[in-house]
Amino acid sequence: MPASSEATVTLTGDLHARPAGALSMAAARYAAEIVLVAGGREANAKSVLAVMQLGASSGQPVTVRAAGADAAAAVAAVTEALTAATKVGD
Amino acid sequence: MAATVGIVLVSHSAELAAGAAELAGQVGGGAVRVAAAGGTSDGRLGTSADKVAAAVRSAAAGGGGVVVLPDLGSSVLTVRSLLADGELADLGPVELADAPFVEGAVAAAVTAAAGGSLTDVLAAAREARHAGKL
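Predicted, not measured: the structure shown is a model, and the values here were computed from it. (Residues numbered from 1 in each chain as written. Chains lettered and ligands numbered in written order. Predicted model: local features only at pLDDT ≥ 70, side-chain atom pairs only at ≥ 80, totals over all residues.)

Engineer: Help me out: how do you make sense of the overall build of chain B in this one?
Structural biologist: A tally of helices and strands in chain B yields 5 helices and 4 strands. What you see in chain B, going N to C, is helices and strands ordered as β-α-β-α-β-α-β-α-α. For chain B, whose C-alpha radius of gyration is 13 Å, the value lies close to the compact-globule estimate of 14 Å for 134 residues. Dimensions along the principal axes, computed over C-alpha positions, put chain B at roughly 35 × 35 × 25 Å. The proportion of buried residues among the 134 residues of chain B is 49%. In chain B, the share of contacts with a sequence separation of at least 24, taken over all contacts with a separation of at least 6, comes to 72%. (Helix = DSSP H or I, 4+ residues; strand = E, 2+ residues; numbered from the N terminus. Rg over C-alpha atoms; globule rule 2.2 N^0.38 Å. Buried ≥ 20, exposed ≤ 12 C-beta atoms within 10 Å, placed from the backbone. Contact = placed C-beta atoms within 7 Å.)

Engineer: What's the story with the sheet that holds strand β2 (residues 34-38) of chain B in this structure? I'm lost.
Structural biologist: Note: strands within a sheet are paired through backbone hydrogen bonds, in either parallel or antiparallel orientation. Residue and element names in this part refer to chain B. The strand order β2-β1-β3-β4 describes an open sheet built from 4 strands, whose pairing is parallel. A strand with exactly one partner marks an edge of an open sheet, and here the two such strands are β2 and β4 (94-96). Here the average twist between neighbouring strands, direction ignored, is 20°. Pairing geometry for strand β3 (residues 63-70) and β4, over 3 bridges, is parallel. Residue pairing for β4: Val-66 is matched across the bridge by Val-94. Against the sheet, helix α1 (residues 14-27) makes contact with β1 (4-11) and β2, and its axis sits at roughly 170° relative to β2, the strand it touches most. (Pairing = 2+ DSSP bridges. Axes fitted to C-alpha atoms, helices over the stretch in contact; angles between N-to-C directions.)

Engineer: Please explain the sheet that holds strand β2 (residues 33-38) of chain A as it appears in this structure.
Structural biologist: Residues and elements named next belong to chain A. An order of β1-β4-β2-β3 is seen for the 4 strands of this open sheet, with the pairing classed as antiparallel. The sheet is open, and its two borders are formed by β1 (4-10) and β3 (41-44), each paired with just one other strand. The average undirected angle you get between the axes of adjacent strands in this sheet is 20°. Here β2 runs beside β3; their pairing, made up of 4 bridges, is antiparallel. When the bridges of β3 are listed, Ala-38 appears paired with Arg-41. Packing against the sheet, helix α3 (residues 71-84) makes contact with β1, β2 and β4 (61-67), and its axis sits at approximately 10° to β1.

Engineer: Help me understand the confidence of the model for chain B in this model?
Structural biologist: The predicted coordinates ought not to be read in detail in places where the model reports low pLDDT. Model confidence for chain B is summarised by a mean pLDDT of 97, while 99% of its residues fall at 70 or above. In the model output, the complex is listed with pTM 0.95 alongside ipTM 0.92. (pLDDT = per-residue confidence, 0-100.)

Engineer: Sorry, what's going on with the environment of Leu118(B) here?
Structural biologist: Residues and elements named next belong to chain B. Structurally, Leu-118 can be placed in helix α5 (residues 118-127). For Leu-118 and Ala-3, which are 115 residues apart along the polypeptide, the C-alpha to C-alpha distance reads 10.0 Å. Apart from residues lying up to four places away in sequence, Leu-118 is in contact with Val-5, Gly-64, Gly-65, Val-67, Pro-93 and Glu-95.

Engineer: Mind showing me how you'd approach the interface of chain A and chain B here?
Structural biologist: Where interface size is given, it is often the accessible area lost as the parts come together that is meant. Counting from both sides, the interface comprises 11 residues of chain A and, opposite them, 14 residues of chain B. Elements supplying a minimum of two residues to the side of chain A that touches chain B: α1 (17-27) and α2 (48-53) of chain A. Tallying contributions element by element places α1(A) first for the side of chain A that touches chain B, with 6 residues. Along the lines of polarity and charge, the residues of the side of chain A that touches chain B split into 7 nonpolar, 3 polar and 1 charged. (Nonpolar A, V, L, I, M, F, W, Y, C, P; charged D, E, K, R; others polar.)

Engineer: Teacher, can you tell me more about the pairing of β2(B) here?
Structural biologist: The side chains of a regular strand alternate, first on one face of the sheet and then on the other. Residue and element names in this part refer to chain B. Of all 5 residues in β2, 5 are buried; the element is thus mostly enclosed. Alternating positions in β2 separate into two faces, Val-34, Ala-36 and Gly-38 on one and Ala-35 and Ala-37 on the other, with burial throughout. Relative to β2, β1 runs parallel, the two sharing 5 bridges. For Ser-11, the partnering residue across the bridge sits in β2 and is Gly-38.

Written as structure tokens, this is what we have:
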């Protein structure tokens, strides 16, 4: 069974275009499948358009789930990208 | 450094091509070549084979090939004509993507910036057709 990992972050910024781009680029460095869950919807973290479509915003919890050999490192990197998201307009 | 894929945005409008290139480049964290080819050589709405060829030449400098996204109509015809005439043959692989202009450009730029192959970048652009915004 492949390794899996999960973490939840409460956003202090919004997943608008540039943060979503940074998050997807961070996710692309890992082989693991990485899913974001927010507001009852799921998105492939490696797809910038899917990440934006979540429409996740400040104050909302986002869960990162990864499955694969490098799942733990992938969750750490994506969690960091979520934490770095800025608010729209900032 | 590994070869990177470049992106060319071809539009009837110089402003549309340049604006979409700026947006895609920024969402890609500045780590991707996005070249714009918009308008005619005398500044009108339309497409210019010379501008497209120059943009492909610039985007090809990363060495990983080029994905071209046309807006519509003559943008498609101009790129197809350049490809058919072999005028871009010395620049490495050049693929024309059937994709939405803005979403395709952003998805392609992020995939290219993350080190994706020509196949990955082309697929990201095409798959943008199926992505919702809401």
